[in-house]
Amino acid sequence: MNNGCLDNRKKEHDNSQKRPKSYKFGSKSDDFALAIAKVAVAQLCESVGFQGFHLSALETLSDISVRYIYSIGKTANLSANLAGRVEGNVFDIIHGLEDLGSNLGFSGASDVDRCVVSSGVVKDITHFIGVSDFIPFAYDVPGFPVVKESTKTGSFWEKEEVPPGEHIPSWLPAFPDPETYATRLSVENETMGVSNGKKTESELERVERKMDRSLLNLQLRFAHNENKGGSSHGSGYVATESNPYLAAPLHVGEKEVSPVVLPTKLSNEVALRNPVHVDVGNHVSVLETFAPAIEAMKSGLCDSDNGKKKLLYDQRPTVRFKIGIGKKSLGTISDFGSQNEEDLLKIASWFGNDNEKDDKKDEWKKF
Amino acid sequence: MNHNPQSSDGKHDDDSALSDFLASLMDYAPTIPDELVEHYLAKSGFQCPDVRLIRLIAVATQKFVAEVASDALQHCKARQAAVVKDKREKQQKVIYLCLLSFLISFGLSDPLLEQDKRLILTMDDLSKSLREYGVNVKHQEYFADSPSTGIDPASREE
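Residues numbered from 1 in each chain as written. Chains lettered and ligands numbered in written order. Predicted model: local features only at pLDDT ≥ 70, side-chain atom pairs only at ≥ 80, totals over all residues.

1. Concerning the overall build of chain B
Broken down by element type, chain B carries 7 helices and 1 strand. What you see in chain B, going N to C, is helices and strands ordered as α-α-α-α-α-β-α-α. A total of 158 residues make up chain B; the buried ones form 29% of that total. Taking the intrachain contacts of chain B between residues at least 6 apart in sequence as the baseline, contacts between residues at least 24 apart amount to 67%. (Helix = DSSP H or I, 4+ residues; strand = E, 2+ residues; numbered from the N terminus. Buried ≥ 20, exposed ≤ 12 C-beta atoms within 10 Å, placed from the backbone. Contact = placed C-beta atoms within 7 Å.)

2. Quick notes on the overall build of chain A
Within chain A, the regular secondary structure consists of 17 helices and 1 strand. Partitioning the contacts of chain A with sequence separation of at least 6, the portion at a separation of at least 24 is 69%.

3. Considering the interface of chain A and chain B
Interface extent is often summarised as the accessible area lost during association of the parts. Chain A puts 60 residues into the contact, and the matching count from chain B is 54 residues. A total of 17 residues in the side of chain A that touches chain B trace back to one element, the largest contributor, which is helix H3 (residues 55-82) of chain A. Its residues assigned to classes, the side of chain A that touches chain B shows 36 nonpolar, 19 polar and 5 charged. Pairing between strand E1 (residues 52-53) of chain A and strand E1 (residues 120-121) of chain B: 2 bridges, direction parallel. (Nonpolar A, V, L, I, M, F, W, Y, C, P; charged D, E, K, R; others polar. Pairing = 2+ DSSP bridges.)

4. Quick word on helix H5 (residues 120-131) of chain A
All names here are of chain A. Helix length check: H5, at 12 residues, gives a terminal C-alpha distance of 16 Å against a target of 16 Å (1.5 Å per residue), a fit within 8%. All buried positions along H5 are accounted for by Val121, Val122 and Ile125. Looking down the long axis of H5, one finds its buried residues gathered within 100° of arc, a one-sided arrangement. For H5, exposure combined with an orientation more than 90 degrees from the buried face picks out His127, Gly130 and Val131. (Expected span 1.5 Å × (residues − 1). Arc of directions from axis to C-beta.)

5. Quick word on the nonpolar core
Of all hydrophobic cores here, the largest spans 58 residues; its most connected members are A:Val41, A:Ile69, A:Ile72, A:Ile93, B:Val37 and B:Ile57. When contributions to this core are tallied by element, the ones reaching two or more residues are helix H2 (31-48), H3, helix H4 (90-100) and H5 of chain A together with helix H1 (9-25), helix H2 (34-44), helix H3 (51-91) and helix H6 (123-132) of chain B. Sort the elements by how many residues they give to this core and H3(B) lands first, with 13 residues. When residues no more than four places from it in sequence are discounted, the contact partners of B:Ile57 are A:Ile69, A:Ile72, A:Ile93, B:Val37 and B:Leu41. (Core = buried A, V, L, I, M, F, W, Y, C linked by C-beta atoms within 7 Å.)

6. Side note on the confidence of the model for chain A
All names here are of chain A. Here chain A shows a mean pLDDT of 68. Residues at 70 or above account for 43%. Averaged pLDDT values for the elements of chain A fall to 43 in helix H1 (residues 2-16) and rise to 93 in H3. Confidence over residues 1-22 falls short of pLDDT 50; this stretch has 27 contacts with residues more than four positions distant or in other chains. (pLDDT = per-residue confidence, 0-100.)

7. Regarding the environment of A:Lys152
Take A:Lys152: it is sitting in the loop between H5 and helix H6 (156-159). Spatially, the C-alpha atom of A:Lys152 lies 9.1 Å from that of A:Pro173, the residues being 21 residues apart in sequence.

8. Concerning the packing of H3(A) against H6(B)
It is at 8 Å that the axes of H3(A) and H6(B) come closest, and there the two elements cross at 25°. One finds that H3(A) runs roughly parallel with respect to H6(B). Between H3(A) and H6(B) lies a crossing whose hand is left-handed. Taken together, the residues of H6(B) that come into contact with H3(A) (itself represented by A:Ser56, A:Ala57, A:Thr60, A:Leu61 and A:Ile64) are B:Met123, B:Leu126 and B:Leu130. A class-by-class count of the residues in the contact of H3(A) with H6(B) yields 6 nonpolar, 2 polar and no charged. (Axes fitted to C-alpha atoms, helices over the stretch in contact; angles between N-to-C directions. Parallel < 35°, antiparallel > 145°, perpendicular 65-115°, else oblique. Left-handed = near helix turned anticlockwise from the far one by under 90°.)

9. Thoughts on unusual backbone geometry
Here A:Glu160, not a glycine, exhibits a phi torsion of approximately 60°, which is positive. Mapped onto the elements of the fold, A:Glu160 is located in the loop between H6 and helix H7 (182-194).

10. Some remarks on H6(B)
All names here are of chain B. Looking only at H6, the buried set comprises Met123, Asp125, Leu126, Ser129 and Leu130. An end-on view of H6 places all buried positions within 160° of arc, on one side of the element. The positive-phi residue at the C-terminal boundary of H6 is Gly134, with phi of around 85°.

11. Observations concerning the confidence of the model for chain B
All names here are of chain B. This prediction gives chain B a mean pLDDT of 77; 64% of its residues lie at or above 70. At the low end of the mean pLDDT range in chain B sits helix H7 (residues 152-157), at 46; at the high end sits H2, at 92. Low pLDDT, under 50, characterises residues 1-7; the stretch is placed with 4 contacts to residues that sit more than four places away or in other chains. Below a pLDDT of 50 lies the segment residues 153-158, which in the model reaches 1 contact outside its immediate sequence neighbourhood of four places, other chains included.

12. Looking at the packing of H2(A) against H3(A)
All names here are of chain A. Axis separation between H2 and H3 bottoms out at 9 Å; the angle between their running directions is 110°. Taken together, the axes of H2 and H3 are roughly perpendicular relative to one another. Taking contact as the criterion, the partners of Leu34, Ala37, Lys38, Val41 and Ala42 in H2 are, on H3, Leu58, Glu59, Leu61, Ser62, Ser65 and Val66.

As structure tokens, then:
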């Protein structure tokens, strides 16, 4: 009895408030159920004798009917748990109905030790079924909510695979397909061979490429480009050594740079005259200088839909290509320090974690 | 169902009546679909695989809704009867005529005439009938769900 009063008071409280966003009945996921309830309530209203309804009234009534079901379930579950059961039975439901109908009253409610079996509520319902017309629901309702089955990666044991190491127990989830990481290593080996077998630089490269492990297809193409770049210039070592992405960003005036401004056609001669400046040349604006090359590569590729990946891919070959052509562009751009820094910043803004990457490389360099 | 052999005949009758009633629910499909009831019972934490019990709750809800709706219908009819009685006096009032001409110029029909024709479930009647069932619902004053929303309270107060 007490429970029923509390429930009703709670209901009143809920209704008088505006629905909070987090409340179960106001959530977006409940729209389908509420729509079904609306149809059912509308059918019932029609059967009673109404010819129309205001939408607000219909919504209120369907909401209340849904809450009615909910509170019956709540009370029935409570009494089932009180009796030490997990699943409810008829008596729990009758208890719930009596609790909810207690403020209206039913026959025999005043009797203290009445039997649940002969409850007045059930008699009322039986009577109602006899009196009311049979109105089937207008639509076929599919079972809801639909729970999507998630595909799990099975363990080694389920997949009938042998774990790659003895220290890995077979009940752990299996590794992903080897193409996603194993071939990656072989590509790296190739690049190691190409870039004069310098171990330190290949280590650096590995760190650098941790970001795009899964892009196997792109990586293969990358390897191809790299091979071309390496073989045509034969100075892979200088490339990684003077890679602006590996070096810490320079401040203005930190590095001494000769302020040479020359027309493009003379740049080759300049480079021949001052071979020392090759390193410096590598710090020029990469993107501006190699815009045509990037364009050509872009057109040659089937782009992935992810723009970031594409940029990642584009970034690599430009770093490589720059070595040879860097000499040409030396004359075209003045004010290296600031320009370089701007470029780095520009690129860093595209790739959010580039700064971390730079830090890592700094550490590597210290070693 | 635990049947006590020492129970009286009346209890035995009730027992069989209840089981008969539950058995009859297998064939009776209530207007409120089983899936809806199952969904909200699952939300409340109640679990029961028995279809009969779910139907029992569905029928109980249906009874509740039908009772509320029929009460609202009575309120609606009573209000309309009152409106019809007062209508002659009201129509002579200038304000009402002004409003009427204003509404007609906008292509809307006379709200009072419209209400005469049809039985419509409104928030006013619903909140009145729900109050008897312990649910306190207030009609939002600003909620314009019909052309007569702004007019009704004023005309009723007169």
